Amino acid sequence: LLSGAGHPDSIYRIPIQKERIDWLKKNVTGNILEIGCATGYILNYCGGGTGLDIDKYRIEIAQKKYPKSRFIAGDATKMPFRSKEFDTVMIPEILEHVPYEVAAKIIKECERVAKKLLVTVPNAGKNNYDKDLVENPEHLWFPTKEKMERMMGKEIKVYTSSKEDFLFIIKECK
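Let me begin by describing the structure that accompanies this report. (Residues numbered from 1 in each chain as written. Predicted model: local features only at pLDDT ≥ 70, side-chain atom pairs only at ≥ 80, totals over all residues. Heavy atoms only, no water.)

1. Quick look at the pattern of salt bridges
Moving on, step 1. Using the criterion set out here, one finds 16 salt bridges in the structure.
Moving on, step 2. The partner of Glu109 in a salt bridge is Arg112, with the nearest N and O atoms 2.8 Å apart. Of this pair, Glu109 and Arg112 both sit in helix H4 (residues 100-113), three residues apart, which is roughly one turn of the helix.
Moving on, step 3. Under the relative-accessibility criterion, Arg112 is labelled partly exposed at 27%.
Moving on, step 4. One connected set of salt bridges, linked through shared partners, spans Lys108, Glu111, Glu155 and Lys171. (Salt bridge = Lys/Arg side-chain N within 4 Å of Asp/Glu carboxyl O. Helix = DSSP H or I, 4+ residues; strand = E, 2+ residues; numbered from the N terminus. Buried < 20%, exposed > 50% of the residue type's maximum accessible area, 1.4 Å probe, protein only.)

2. Side note on unusual backbone geometry
A negative phi holds for most residues other than glycine; trans holds for most peptide bonds.
Moving on, step 1. A positive phi angle is found at Lys84, which is not glycine, with a value near 55°.
Moving on, step 2. Here Lys84 is to be found in the loop between strand S3 (70-73) and strand S4 (86-92).
Moving on, step 3. On the basis of relative accessibility, which here comes to 25%, the residue Lys84 falls in the partly exposed class.
Moving on, step 4. One non-glycine residue, Glu93, lies in the positive phi region at around 55°.
Moving on, step 5. With relative accessibility at 14%, the residue Glu93 sits in the buried group.

3. A few points about the packing of aromatic side chains
Moving on, step 1. Scanning all chains against the criterion turns up five aromatic pairs.
Moving on, step 2. With 4.8 Å between their ring centres and 5° between their planes, Tyr12 and Tyr41 make a pair best called stacked. In this pair, Tyr12 sits in the segment before helix H1 (15-27) while Tyr41 sits in helix H2 (residues 41-45), placing the two residues 29 residues apart along the sequence.
Moving on, step 3. A ring pair is formed by Trp23 and Phe168, whose centres lie 4.8 Å apart and whose planes are at 20°; its orientation type is stacked. Placement of Trp23 in helix H1 and of Phe168 in strand S7 (residues 166-172) is noted, with a sequence separation of 145 residues between them.
Moving on, step 4. Ring pairing ties together the aromatic residues Tyr12, Tyr41 and Tyr45, which thus form one cluster.
Moving on, step 5. The ring of Phe166 carries the charged tip of Arg20 above its face, separated from the ring centre by 5.5 Å.
Moving on, step 6. Residue placement shows Lys25 over the ring face of Tyr45; its charged tip is 4.5 Å from the ring centre. (Phe/Tyr/Trp six-rings, centres within 6.5 Å; stacked < 30°, edge-to-face > 60°. Lys NZ or Arg CZ within 6 Å of the ring centre and 35° of its normal.)

See below:
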């Protein structure tokens, strides 16, 4: 579809992916920021808001596709936003694509700008997990509930998708 723009929007029709974005949509409130928004599909699906991505090309596509939302090219470890500027910050399937230490920095920065944080990651803690989901060559580490608690703190609420393929995490940010 769009060379260099990430995966096609059609993947969100796959039941396990649809379940994941439906969970996000159900749990977002107020003013939304999406980290790693790519071409904007998930942000738009969840009601729009602000999208941040490191890839300028993807941001240009997103802005054309969804002109009612605001898209910014930038680094999620140091964002140009005020503390608690967003009611909800979403990080859908992004953290496993960066080194664990960088993922921890992204979480800290998101905690600064968010009132509530929503994270989805593939679940490497599931017995006989789906290797295509977890061991994707683009994934730099394999998320488990324990690794996410270490990164985000024990007070997070961790849920799993119906077949336990994904971890769904909510953190209220003080």
